[in-house]
Amino acid sequence: MNRSEASAPERNASLTEFLEKSRRIEGERLTDSIPKEYFTPRVERGILGFLLSAGVYGGSVAGILLSQYWLIDVPLWLLAGLGGWGLHCIAHDCGHGSFSRSRRLNVIVGSLALLPLLYPFHAWRHVHNMHHAHTNSLELDTDWRPLPPAMYDRLSLIGKLTYAGTRTWAFWGGTIRYWYVSGFRPGFFPKASMRRDVRHSIAVTLILGALYLSTLVLIAGPWSLVAGFLVPLLTTHLWFSTTTLMHHSASDLPFLDARHWTRNAGKLLMTTDFVYPAPLRLLTHNISVHTPHHVAPAIPFYNLPKAQEVLKRTYPGMVREERLTPGALWRILHDLHLHDAENGGFYQGFDRRPVPPRKDPQP
């Protein structure tokens, strides 16, 4: 018996279970279960989060520039990436308006928080909101959706190498591609108001970026552009890509096409939340508590754990939580490559063999 035949009953059972859950929540207003006070931003709490991540990032970069030994630089680069990812998580709230009720303050803080990635704030905001409008839809989501084999086969050689790389050994570059596609291309966005916002953010990013990078060079010399900016940028993308990929990929979840996708299923049933150690959850501003964010993006990051508990009580068995382990990431990179529409919408590897659904341990 080959792998496809052996896993067919598991796929059928997983798909049946998933579609039954989807049917049960169809037409529900998921946000109605979440207390209204959880949506109220506390600006001082958001600013503390911003200062924490800015301190981690800035302190790590300063340590790198002062260090004389690469053995010290390596952990500092990883820590700088964590600080940069934390800043991105603050910009994430700014983009959803959950940092503050003030649009101007959201834009200012979000633009500063995204500076280590040179990511124009409105470009990120608009493309990310496209993800929220079509969360986990095979046809329309802008994040980590798997390609069907026929579409992958039609890619150019460069396209195939890029897709295969960001699904395997170069997964850390997935969000770099996201930046490349949307960051500096106003024409990528369908509405004139979006394009106007993006052009404004590009100008702000170029001005602030030039000031930031020239200051680095004046203080620490040209090498600081590599050690103090480029490598921290890459390690920030490492955290960014890993987190995003793991939230949106699981062997026992079908990635839905238009036949089965519903807004509620995409938001509530198709997100995997990984239980982080407390210090990591603090530094990443609860980004791992992602299901309530998909359900209600307007919830500030510090209220996400409380909203998660409400969703778990209201919809028992529908919020997915797993332990954070290296094996969980390895299985995604090793197996989950292409969309297998002929086998329930689950995954297949680049060898075109279906991947058996497998649930990871619960926390």
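The written sequence of each chain sets the order in which its residues are numbered from 1. Note on the predicted model: pLDDT of at least 70 is required for a residue's local features to be given, and 80 or more for side-chain atom pairs to be given and counted; whole-chain, interface and lining totals, by contrast, use all residues. Here the side-chain values reflect all heavy atoms present in the structure, with hydrogen atoms and water set aside.

**Some remarks on the overall build of the protein**
In this text, helices come from DSSP runs of H or I with a minimum length of four residues, and strands from runs of E with a minimum of two, each type numbered from the N-terminal end. Check the secondary structure of the protein and you find 15 helices and 4 strands. Its C-alpha atoms give the protein principal-axis dimensions of roughly 65 × 50 × 45 Å. When contacts within the protein are restricted to residue pairs at least 6 apart in sequence, long-range pairs at least 24 apart make up 72% of them. Per-residue and other accessible areas were derived by the Shrake-Rupley procedure at a 1.4 Å probe size, with only the shown protein chains allowed to occlude residues. Here the protein has roughly 16600 Å² of accessible surface; of this, 64% comes from carbon and sulfur atoms. Only four residue types enter the charge count: Lys and Arg as positive, Asp and Glu as negative, with His and the chain ends excluded. By convention, charge coordinates are those of NZ in Lys, CZ in Arg, CG in Asp, or CD in Glu. Side-chain charges of the protein comprise 37 positive and 27 negative groups, with the mean position of each set lying 7 Å from the other. The contact rule is simple, with two residues in contact once any of their heavy atoms fall within 4.5 Å.

**Let's talk about the packing of aromatic side chains**
Here a pair means two rings of Phe, Tyr or Trp (six-membered ring of Trp) with centres within 6.5 Å. Their orientation is stacked below 30 degrees between planes, edge-to-face above 60, and tilted elsewhere. Under the criterion given, the structure shown has 8 aromatic pairs. Note on Trp85 and Phe240: the rings are 5.0 Å apart at their centroids and 25 degrees apart in plane angle, and the pair reads as stacked. One end of the pair, Trp85, is in helix H3 (residues 70-96); the other, Phe240, is in helix H10 (residues 224-247), and 155 residues separate them in sequence. The same class applies to Trp85 and to Phe240, which are both buried. On the basis of an interplanar angle of 75 degrees and a centroid distance of 6.3 Å, the ring pair of Tyr212 and Phe229 is categorised as edge-to-face. Taken together, the residues span a long stretch of sequence, with Tyr212 in helix H9 (residues 192-220) and Phe229 in helix H10 at a distance of 17 residues. Feature note: the residues Tyr152, Tyr163 and Phe350 constitute an aromatic cluster, connected by ring pairs. In this scheme, a residue with accessible area under 20% of its type's maximum is buried, one over 50% is exposed, and one in between is partly exposed, where area comes from a 1.4 Å probe on protein chains only.

**Considerations on the packing of helix H8 (residues 174-182) against H10**
An axis is simply a line fitted to the C-alpha atoms; with a helix, the fit covers only the stretch in contact. Between two such axes, the angle follows the N-to-C directions and lies from 0 to 180 degrees. As a packed pair, H8 and H10 sit with axes 7 Å apart at the nearest point and diverge in direction by 105 degrees. By the angle between their directions, the pair H8 and H10 is classed as roughly perpendicular. For the pair H8 and H10, the contacting residues are Gly174, Thr175 and Ile176 in the first and Leu234, His237, Phe240 and Ser241 in the second. In this classification, Asp, Glu, Lys and Arg are treated as charged, Ala, Val, Leu, Ile, Met, Phe, Trp, Tyr, Cys and Pro as nonpolar, and every other residue, Gly included, as polar. Partitioning the contact of H8 with H10 into residue classes produces 3 nonpolar, 4 polar and no charged. Working rule for angles: under 35 degrees goes down as roughly parallel, over 145 as roughly antiparallel, 65 to 115 as roughly perpendicular, anything else as oblique.

**Remarks on the UniProt feature "transmembrane region" (unreviewed entry) in the protein**
The residues that UniProt annotates with the feature "transmembrane region" (unreviewed entry) are residues 46-70, 76-93, 105-124, 161-180 and 201-220. Between the C-alpha atoms that bound residues 46-70 the distance is 34 Å, and the span itself is 88% helix and 0% strand. Counted over residues 105-124, helix gives 65% and strand 0%. Its end C-alpha atoms are 16 Å apart. UniProt positions are given in the numbering used here, feature names are shortened, and annotations may be inferred rather than shown by experiment.

**Thoughts on the side chain of Asp93**
On the secondary structure map, Asp93 appears in helix H3. Any Lys or Arg side-chain nitrogen found within 4 Å of a carboxyl oxygen on Asp or Glu counts as a salt bridge. No salt bridge is formed by the buried Asp93; the nearest opposite charge belongs to Arg45, separated by 8.8 Å. Residues in contact with Asp93, not counting those within four places in the same chain, are Ser98, Phe99, Pro300 and Phe301.

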